[in-house]
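An overview of the molecular structure
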Amino acid sequence: ATFKAVSPYTDVDISDWFYDDVLLVTAKELMEGTGNSKFSPDISADRAMIVTILWRQEGCPVVDSPVDFDDVADGLWYSEAIDWASSNGIVNGYGDGNYGPTNQITREQIMAILNRYAVYKNWTDDIALPMIPQYNCSTWAENNVIWADMSGLLNGLGVDITDMTAKASRAELAAYLSRFVQNVVK
């Protein structure tokens, strides 16, 4: 007999395409619910969320010389995570002195951050390849999207991800992280 884990969230049902992904990222303590037994799979993920997840996986390291972004004040729940990610080349901000921590994150931004994190961890090589035409993405993100595709991060999602410039939901972030853990983490 096979046993299927029961969702701890009232808004994540076994029939949802992201069910297994949400259970995996919850079990690995990569993501948690939003309160009141909810995961809130359909709300947008933001740019502070993903770096905080990766920072926690690293044991919440403190950075001696943080990189200052005009829009990241000290002492916020994501401040140290963004400092760490920026100091290690995992995030660059927008190039105008801002990071945009509360901005909705796009699919291609997630792919860039996960690719840079994998390079930081020596789990992958930073390689350049010609763009795969099935994805619409910004020029700066092409190599990251190709890497994500080749690494299996874009396989089997229950949503159309052709447009990589679109905003990503929490369910999508859970799916990308789930595939990252299964296919990239060593």
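Refer to the preceding data block for the structure.
A few points on the structure. Predicted model, so just to flag it, every value in this text is computed and none were measured.

**Let's talk about the overall build of the protein chain**
- A tally of regular secondary structure across the protein chain gives six helices and zero strands.
- Starting at the N terminus and ending at the C terminus, the protein chain contains elements arranged as α-α-α-α-α-α.
- For 186 residues, the compact-globule estimate of 2.2 N^0.38 gives 16 Å, and the protein chain sits close to it at 16 Å.
- The C-alpha extent of the protein chain, read off along each of the three principal axes, is 55 × 40 × 30 Å.
- Counting over 186 residues, the protein chain shows a buried share of 46%.
- Residue pairs at least 24 apart in sequence account for 69% of intrachain contacts in the protein chain once pairs closer than 6 positions are excluded.

**Examining the packing of helix α2 (residues 47-57) against helix α4 (residues 107-120)**
- One can describe the packing of α2 onto α4 by two numbers: an axis separation of 11 Å at closest approach and a directional angle of 20°. Taken together, the axes of α2 and α4 are roughly parallel relative to one another. Judged by the sense of rotation from one axis to the other, the crossing of α2 with α4 is right-handed. Between α2 and α4, the residues in contact are Arg 47, Ile 50, Leu 54 and Gln 57 and Gln 109, Ile 110, Ile 113, Leu 114 and Tyr 117, respectively.
- Along the lines of polarity and charge, the residues of the contact of α2 with α4 split into six nonpolar, two polar and one charged.

**Side note on the side chain of Arg 107**
- Position of Arg 107 relative to the elements: it lies in helix α4.
- On the accessibility criterion, Arg 107 (7% relative accessible area) is buried.
- Residue contacts for Arg 107: discarding those within four places in its chain leaves Val 159, Asp 160, Ile 161, Asp 163, Met 164, Ala 166, Lys 167, Ala 168, Glu 172 and Tyr 176.

**Quick look at the packing of aromatic side chains**
- What the rule picks out here adds up to 11 aromatic pairs.
- Taken together, a centroid distance of 5.7 Å and an interplanar angle of 85° make the contact between Tyr 117 and Trp 123 edge-to-face. In this pair, the class of Tyr 117 matches that of Trp 123, namely buried.
- When the ring centre of Tyr 99 is taken as origin, the NZ or CZ atom of Arg 47, which lies over that ring, is 4.3 Å away.

**Quick look at α2**
- The buried count for α2 comes to nine of 11 residues, which makes it a mostly enclosed element.
- Listed as buried for α2 are Arg 47, Ala 48, Met 49, Ile 50, Val 51, Thr 52, Ile 53, Leu 54 and Trp 55.
- Buried positions along α2 lie against α3 (79-87), α4 and α6 (170-183).
- One side-chain oxygen at the N-terminal end of α2 lies 3.1 Å from the backbone nitrogen of Ala 48; it belongs to Asp 46.
- Once α2 ends, the next one or two residues include Gly 59, with phi positive near 90°.

**Description of the nonpolar core**
- Formed by 57 residues in total, the largest nonpolar core has its most connected members in Met 31, Ile 110, Met 111, Leu 114, Leu 154, Leu 173 and Phe 180.
- Elements that contribute at least two residues to this core include exactly α1 (19-27), α2, α3, α4, α5 (142-150) and α6.
- For this core, the element with the highest residue contribution is α6, accounting for eight residues.
- Excluding its chain neighbours within four sequence positions, the residues that come into contact with Leu 173 are Met 31, Ala 45, Met 49, Ile 50, Ile 53 and Ile 110.

**A few points about unusual backbone geometry**
- Positive phi values are uncommon outside glycine, yet Glu 29 reaches one of about 60°.
- Here Glu 29 lies in the loop between α1 and α2.
- For Asn 122, which is not a glycine, the phi torsion comes out positive at approximately 60°.
- Among the structural elements, Asn 122 can be located in the loop between α4 and α5.

Procedures and definitions
Residues numbered from 1 in each chain as written. Predicted model: local features only at pLDDT ≥ 70, side-chain atom pairs only at ≥ 80, totals over all residues. Heavy atoms only, no water. Helix = DSSP H or I, 4+ residues; strand = E, 2+ residues; numbered from the N terminus. Rg over C-alpha atoms; globule rule 2.2 N^0.38 Å. Buried < 20%, exposed > 50% of the residue type's maximum accessible area, 1.4 Å probe, protein only. Contact = heavy atoms within 4.5 Å. Axes fitted to C-alpha atoms, helices over the stretch in contact; angles between N-to-C directions. Parallel < 35°, antiparallel > 145°, perpendicular 65-115°, else oblique. Left-handed = near helix turned anticlockwise from the far one by under 90°. Nonpolar A, V, L, I, M, F, W, Y, C, P; charged D, E, K, R; others polar. Phe/Tyr/Trp six-rings, centres within 6.5 Å; stacked < 30°, edge-to-face > 60°. Lys NZ or Arg CZ within 6 Å of the ring centre and 35° of its normal. Polar contact = N/O pair within 3.5 Å; in protein donor to acceptor, adjacent residues only side chain to side chain. Core = buried A, V, L, I, M, F, W, Y, C linked by side-chain atoms within 4.5 Å.

Any link to function would need more than the numbers given here.
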